[in-house]
Amino acid sequence: MKYFVADAHADTLYSIAIEGRAPEKCAVRPEALDAGGVGLQTYALFAGSGGPKGHPYEKAAKMLQYADSLGVPMLTGALPETPPEGPHGILSIEGGEVLEGRLDRLHEFAEKGIRLIALTWNNENELAYPAKNDCGKGVKPLGLEMLAAMGKKGILADVSHLNEAGFYDVVTHSALPVVASHSNLKSVCGSFRNLTAGQARAIIATRGYIGINFYSDFLADGREATLDDVIRHIEGFCELGGVECLGFGSDFDGIERWPEGLEGPSGFPAILERLEKLGYTQAQVAGIAGGNFYRVLLKAQSAKR
């Protein structure tokens, strides 16, 4: 069966616009998306590793200039009620320092079609604190103000990279389903970037979304990951009740190591075929492939005021 595939996170725009990688050298290319059956690819505006002092807004603006040259139509307006056919793109922000602590920046990016914002990357910013070297503090007052404004704009809060106290603040205060666009399960791989069972259950309770990350360090402890590890994370989340909240957040073009065969979008069908062989229903596989993510995007869109 041919499935609609959606990917909630890739760093392709940063690779091209900021790092200077040739588009044909990126993992996410139109022909690769087509080969993998990807109907919707999320392109992140990554703040970069410099934190608030690293000129994140200017980097995001430069990435936006490249968005129309990726070779796929960018959906910046209302999404269709049914998933699009053929590769299309949407935009997200990775690292809330891109907003410079300003609500007018949020409104600016909302007009550009941003649909998800990760409040942090690995650095503290004006909004919150990262999971890396977790300080134990919650979302800052400005972060809560920004979160409320995001809800009104129909922009999802992405908790990948956010610390644990901040995570639960988002769960408590977000008007929209909570998204972890590219995070795995900590009981399967102990990385600081992965979700505890409690965090996973909290996302599931909001009818949110968790995207499986293909970075080997987030898939397996101390060794190279395989496709089997991807399946282990999927099954772990499903055992927590997350089959309708699960999908992909590959992190393509932002990772250095990945399971063999999953170096680009053409590898998605291998995961879906494995799930079919394991006895998942076509409806469940269709949800994991892309339907679950698309449902959350439409939910956010319907909340926009």
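Residues numbered from 1 in each chain as written. Predicted model: local features only at pLDDT ≥ 70, side-chain atom pairs only at ≥ 80, totals over all residues. Heavy atoms only, no water.

So, about the overall build of the chain. Across its full length, the chain holds 11 helices and 8 strands. Against the 2.2 N^0.38 benchmark of 19 Å for 305 residues, the chain shows a C-alpha radius of gyration of 17 Å, consistent with a compact globule. By its C-alpha atoms, the chain is 50 × 40 × 40 Å across when sized along the principal axes. Across the 305 residues that make up the chain, the buried fraction comes to 59%. Partitioning the contacts of the chain with sequence separation of at least 6, the portion at a separation of at least 24 is 75%. (Helix = DSSP H or I, 4+ residues; strand = E, 2+ residues; numbered from the N terminus. Rg over C-alpha atoms; globule rule 2.2 N^0.38 Å. Buried < 20%, exposed > 50% of the residue type's maximum accessible area, 1.4 Å probe, protein only. Contact = heavy atoms within 4.5 Å.)

By the secondary structure assignment, Ser160 is in the loop between β5 (156-158) and α6 (164-173). A relative accessible area of 1% means that Ser160 is categorised as buried. Among the polar contacts listed, one links the side chain of Ser160 to the backbone nitrogen of His182, at a separation of 3.0 Å. Apart from the residues lying within four places of it in its own chain, the contact partners of Ser160 are Ala118, Thr120, Val179, Ala180, Ser181, His182, Ser183 and Arg193. (Polar contact = N/O pair within 3.5 Å; in protein donor to acceptor, adjacent residues only side chain to side chain.)

Turning to the pairing of strand β2 (residues 38-46), a few remarks are in order. On any regular strand, side chains alternate: one points to one face of the sheet, the next to the other face. Counted residue by residue, β2 has 9 buried out of 9 residues, so it is predominantly covered. Across 3 bridges, strand β1 (residues 5-7) lies against β2 in parallel orientation. Note that in β2 the partner of Asp7 across the bridge is Gln41. In this fold, the crossover linking β2 to strand β3 (residues 88-94) by way of helix α3 (residues 56-66) has right-handed handedness. (Pairing = 2+ DSSP bridges. Right-handed = clockwise from strand over helix to strand, strands pointing away.)

Of the two faces of strand β7 (residues 209-212), the one holding Tyr209 and Gly211 and the one holding Ile210 and Ile212 are both buried throughout. A crossover links strand β6 (residues 179-180) with its parallel partner β7, the connecting element being helix α7 (residues 197-205), and its sense is right-handed. Direction of pairing for β7 relative to strand β8 (residues 246-248): parallel, over a ladder of 3 bridges. Residue Gly211 lies in a different strand from β8, and its bridge partner there is Gly247.

Before going further, it helps to spend a moment on α7. Within α7 the residues assigned to the buried category are Gln199, Ala200, Ala202, Ile203 and Ile204. Buried residues along α7 sit in contact with α6, β6, β7 and α9 (227-239). The positive-phi residue at the C-terminal boundary of α7 is Arg207, with phi of around 60°.

Attention shifts here to unusual backbone geometry. With a phi angle near 55°, Glu100 is a residue other than glycine that sits in the positive phi range. Along the polypeptide, Glu100 turns up in the loop between β3 and α4 (103-111). Exposure remark for Glu100: the relative accessible area of 27% places this residue in the partly exposed category. In this structure, Arg207 takes a positive phi of about 60° despite not being glycine.

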